[in-house]
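Structure at a glance
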Amino acid sequence: MSIEQNIISVRCAIASAARKCGRCPEEITLVGVSKTFGASSVKQAIKAGLCDIAENRIDEAEEKFPLFPGVKKHFIGRLQGNKVSRIVAVSDMIQSVDSLKTAQRISDYAIAVEKRMPVLVQILTDGKKQFGIIPSELEAFLREASRMDGIRIQGLMTIGPDFANPEDSRMLFKQMKSLYNSSMAFKILKAEFRYLSMGMSGDYAIAIEEGANMVRVGTAIFGER
Ligand SMILES: *Cc1c(COP(=O)(O)O)cnc(C)c1O
């Protein structure tokens, strides 16, 4: 199938998952993860209506992001200290903030270039393979990070385990939604805290049913890597 057809079918699945739980399809942001695919694939996706793209490596982000003005660019990969300034320079949102040290670095660079960088806090839900803030430490993290002037904390993100059966992720998505709701209740956060980024090609419909309003989809749009 073409990238255009893939996007149409992903959008249909998003809409039906949203309706199933009484939500509006428009409130769900589809982020296309273009890692390993070339600029021509990204161009086709944008032509088919994709408004948000994501990369997980700085080299690819620097290569592709500047080619597409007008779409929102998300960085979703591990943040290495010495590359943070480059990521801040090319991205519109950083979804993978996983420590206070990294948050401070982003904030410092953003201030230096007169930006306030939108960020999501990555929550650790797959202890074996991933990284992030553990749920019990989130409140303390938010308390500190919300004082940093160069970042705008706009929500939470997670990469769950890659289960063979996507239904196995449901419980974890439920837990993320309740963590998101309880974070919203912290007075330290502003109204711009509004994104819950979870769900990938294998499980985005289930993530939406459980409350995601941002899904990151690579394979189902661009094909196998
Ligand atoms: C690669 C990647 C995705 C997309 O994965 P697919 O299974 O191809 O949809 C989503 N989020 C992150 C952080 C990724 O690295």
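Right above here is the structure, for reference.
This report concerns the structure included in the present document.

On to empty space enclosed by the protein, then. Throughout the structure, instances matching the rule amount to one cavity of 30 Å³ or more. When its volume is computed, the largest cavity comes out at roughly 90 Å³. If you go around the largest cavity, the residues you meet are Arg-116, Ala-145, Ser-146, Met-148, Ile-151, Arg-152, Ile-153, Ile-188, Leu-189, Lys-190 and Glu-192. Per-element accounting of the lining of the largest cavity gives the leading share, three residues, to strand 6 (residues 151-158).

All right, on to the pairing of strand 8 (residues 214-217) then. Here strand 8 shows two buried faces, one formed by Met-214 and Arg-216 and the other by Val-215 and Val-217. When strand 1 (residues 29-33) meets strand 8, the two strands line up parallel, connected through four bridges. Note that in strand 8 the partner of Leu-30 across the bridge is Val-215.

Here we take up the site of the ligand. Around the ligand, a shell composed of Val-33, Lys-35, Asn-56, Ile-76, Ile-159, Met-200, Ser-201, Arg-216, Val-217, Gly-218, Thr-219 and Arg-225 is seen. Measuring from an oxygen atom of the ligand, one finds a side-chain N or O atom of Thr-219 at 2.5 Å. In this structure, Arg-225 approaches the ligand through a side-chain N or O atom, which is 2.8 Å from an oxygen atom. Relative to its unbound accessible area of 390 Å², the ligand is 90% covered by the protein chains. Applying the majority rule of atoms within 2 Å of the grid points places the ligand in the largest pocket.

Analysis parameters
- Residues numbered from 1 in each chain as written.
- Predicted model: local features only at pLDDT ≥ 70, side-chain atom pairs only at ≥ 80, totals over all residues.
- Heavy atoms only, no water.
- 1 Å grid on protein atoms, 1.4 Å probe; cavity = no way out; pocket = protein on both sides within 12 Å on 5 of 7 lines; lining within 4 Å.
- Points joined across faces, edges and corners; volume = space filled by probe spheres on them.
- Helix = DSSP H or I, 4+ residues; strand = E, 2+ residues; numbered from the N terminus.
- Buried < 20%, exposed > 50% of the residue type's maximum accessible area, 1.4 Å probe, protein only.
- Pairing = 2+ DSSP bridges.
- Near = heavy atom within 4 Å.
- Polar contact = N/O pair within 3.5 Å; in protein donor to acceptor, adjacent residues only side chain to side chain.
- Areas by Shrake-Rupley, 256 points an atom, 1.4 Å probe, with all protein chains shown as cover.
- Sits in = over half its atoms within 2 Å of the grid points.

Everything listed is a geometric property; what it means functionally is a separate question.
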